[in-house]
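Structure at a glance
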Amino acid sequence: MRKLLKATLVACAFALAMCGVTSANAAEPAGEGGVPIIGGHNATETYSWMVSLSNGCGGSLVAAQWIVTANHCGAASQARIGSTYKNSGGEVRQIDRRTTRSGTDLTLMHLSTPAQSAPVKMAQSNPAAGTPVRLLGFGCMSWPSCRTATVLQEIDLTILPSSRCAAGGGTANDVCVSGDRTHSACHGDSGGPAVVGTRGDWTLVGETHGPGDNMGECATTTLYTGIAPYLSWINQQIGR
C-alpha cells in the first residue's frame with residue numbers, strides 16, 4: 001500500500017498508485033487468480049461505495065456526489081463505483097472538481113451527477129489498537145514484481161497503535177494497520193478504504209496513504225489518513 005501516483009509530491013518510488021507500474025494480467029474472473037492485494041483474496045461481497053478512479057487509485061463514496069481519496073494520487077476524470085471489477089460493472093460518473101484538506105493527504109472529489117450507489121458510513125473516532133480492519137483495493141497482488149488486480153481484493157488485518165507508523169509520517173490522527181511481506185496493501189491501493197464492521201455494514205476509518213515504516217514501498221505496515229479527525233471538515237465540504 002504505498003503511495004504512488006502523485007500530483008506533485010515526493011518521489012515516484014514512494015508513491016502508491018500506478019506510476020511506472022503496469023498490469024501483467026488482463027482480465028481475471030472472480031474466483032480465480034493468485035495471491036491478491038498482497039496476501040488477500042477476491043472480494044467476498046459487493047461494496048456499493050468502493051471506487052476505482054481513472055488515475056489508478058481507489059476511493060470511497062461518502063455521499064451521492066462525493067468521494068474520499070488520497071491527495072497524492074492527483075486529479076482524476078472518472079470514477080467507477082460499486083463494482084468488484086476494475087474495468088466493468090457498477091456505475092461510472094465524471095469528476096468535475098476536488099478539494100484537499102490542507103496539511104493532509106485527504107482529498108474529496110466531486111461527481112458531476114449523483115451516484116445511485118449507497119455511500120459508506122464514516123467513523124466518528126479512530127478505531128482502537130487490536131480492532132480487526134479490512135483493506136480493499138485493485139493494486140499490486142505481488143511485490144516487487146507487480147501483478148495488478150482486475151477483480152477487487154480484500155484482506156483482513158489489525159489496527160496497531162498509531163506510534164507503530166510514526167516512521168512513515170503517521171500521527172495520532174492517522175490509522176496504522178498491521179502488515180508484513182506477505183500481507184499488505186501496495187501500489188494501486190492508494191486512496192482506497194480501510195473499513196471496520198461486518199458484512200453489509202461497514203464504516204470507513206481511513207484512506208490509504210503509504211507505508212507505515214518508511215522502509216519499503218509495499219509488504220509492510222500501512223499508514224491510513226484517519227477519517228474521524230477530519231469528519232467535521234468532510235461534512236462541511238459535502239454540505240451536511
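It should be noted that the structure appears before, not after, this text.
Everything quoted here is computed from the prediction, not taken from an experiment.

Take the overall build of the protein next. Each helix and strand counted, the protein has one helix and 14 strands in total. When the 240 residues of the protein are sorted by exposure, 57% land in the buried category. For the protein, the share of sequence-separated contacts (at least 6 apart) that also reach a separation of at least 24 residues comes to 68%. Split by element, the accessible area of the protein, about 9300 Å² in all, is 51% carbon and sulfur.

Another point: the pairing of strand 12 (residues 193-198). Both strand 9 (residues 132-137) and strand 12 contribute to a ladder of two bridges, which runs antiparallel. Note that in strand 12 the partner of Leu135 across the bridge is Ala194. Pairing of strand 12 with strand 13 (residues 201-211) involves six bridges; the strand directions are antiparallel. When the bridges of strand 13 are listed, Val195 appears paired with Leu204.

With that settled, the discussion passes to the state of the cysteines. In this structure the tally under the stated criterion is three disulfides. Note that Cys57 is cross-linked by a disulfide to Cys73, the S-S spacing being 2.0 Å. On the sign convention where negative is left-handed, the bridge of Cys57 and Cys73, at about -90° about the S-S bond, is left-handed. Separated by 16 residues along the polypeptide, Cys57 in the loop between strand 2 (50-53) and strand 3 (58-63) and Cys73 in the loop between strand 4 (66-70) and strand 5 (78-81) bring together distant segments of the chain. For the pair Cys57 and Cys73, one class covers both residues: buried. The disulfide partner of Cys165 is Cys176, and the S-S distance across this bridge is 2.0 Å. On the sign convention where negative is left-handed, the bridge of Cys165 and Cys176, at about 70° about the S-S bond, is right-handed. Here Cys176 lies in strand 11 (residues 174-177) and Cys165 lies in the loop between strand 10 (153-160) and strand 11, a separation of eleven residues in the sequence. When sorted by exposure, Cys165 lands in the same class as Cys176, which is buried.

The side chains of a regular strand alternate between the sheet's two faces. Burial of strand 7 (residues 106-111) is extensive: six of the six residues sit out of reach of the surface. Taking every second residue as pointing to the same face, both faces of strand 7 are buried, with Leu106, Leu108 and His110 on one and Thr107, Met109 and Leu111 on the other. Two elements, strand 4 and strand 7, share five bridges in a ladder whose sense is antiparallel. Looking at strand 7, one finds that Ala70 is bridged to Leu106. Looking at chain direction, strand 6 (residues 91-100) and strand 7 are connected through five bridges and run antiparallel. The residue of strand 7 that forms the bridge with Thr99 is Leu108. Connecting strand 6 to the next strand, strand 7, in antiparallel fashion are five residues, including Gly103 with a positive phi near 80°.

Our next topic: the sheet that holds strand 7. Strand order in the closed barrel formed by six strands is 2-3-4-7-6-5, with antiparallel pairing between adjacent strands. The average angle at which neighbouring strand axes cross in this sheet is 40°, direction not considered. Packed onto the sheet, helix 1 (residues 231-238) meets strand 3, strand 4, strand 6 and strand 7 and runs at close to 20° relative to strand 7.

What follows deals with the environment of Arg101. With respect to the secondary-structure elements, Arg101 resides in the loop between strand 6 and strand 7. Through-space distance from the C-alpha of Arg101 to that of Trp233 is 7.8 Å; in sequence the pair is 132 residues apart. The contacts of Arg101, once residues within four sequence positions are left out, are Leu106, Tyr230 and Trp233.

As a further point, take the side chain of Ser60. Within the fold, Ser60 resides in strand 3. Leave out the neighbours within four places in its chain, and Ser60 touches Trp49, Val51, Trp66, Ile67, Val68, Val120, Pro193 and Leu204.

Let us look at the pattern of salt bridges. Any two side chains of opposite charge can pair if their charged atoms end up close together. Counted according to the given criterion, the structure contains six salt bridges. The shortest N-O distance in the salt bridge between Arg134 and Glu45 comes to 3.9 Å. With a gap of 89 residues between them, Arg134 in strand 9 and Glu45 in the loop between strand 1 (41-42) and strand 2 connect regions that are remote in the sequence. Residue Glu45 is classed as buried on the basis of its relative accessible area, which comes to 11%. Of the charged contacts in the structure, one is a salt bridge between Arg134 and Glu154, with a shortest N-O distance of 3.5 Å. Of this pair, Arg134 sits in strand 9 while Glu154 sits in strand 10, and the two are 20 residues apart along the sequence. Comparing Arg134 with Glu154 shows no difference in burial state: the two are buried. Where salt bridges share partners, they join Glu45, Arg134, Glu154 and Asp156 into one cluster.

Analysis parameters
- Residues numbered from 1 in each chain as written.
- Predicted model: local features only at pLDDT ≥ 70, side-chain atom pairs only at ≥ 80, totals over all residues.
- Heavy atoms only, no water.
- Helix = DSSP H or I, 4+ residues; strand = E, 2+ residues; numbered from the N terminus.
- Buried < 20%, exposed > 50% of the residue type's maximum accessible area, 1.4 Å probe, protein only.
- Contact = heavy atoms within 4.5 Å.
- Areas by Shrake-Rupley, 256 points an atom, 1.4 Å probe, with all protein chains shown as cover.
- Pairing = 2+ DSSP bridges.
- Disulfide = S-S within 2.5 Å.
- Axes fitted to C-alpha atoms, helices over the stretch in contact; angles between N-to-C directions.
- Salt bridge = Lys/Arg side-chain N within 4 Å of Asp/Glu carboxyl O.

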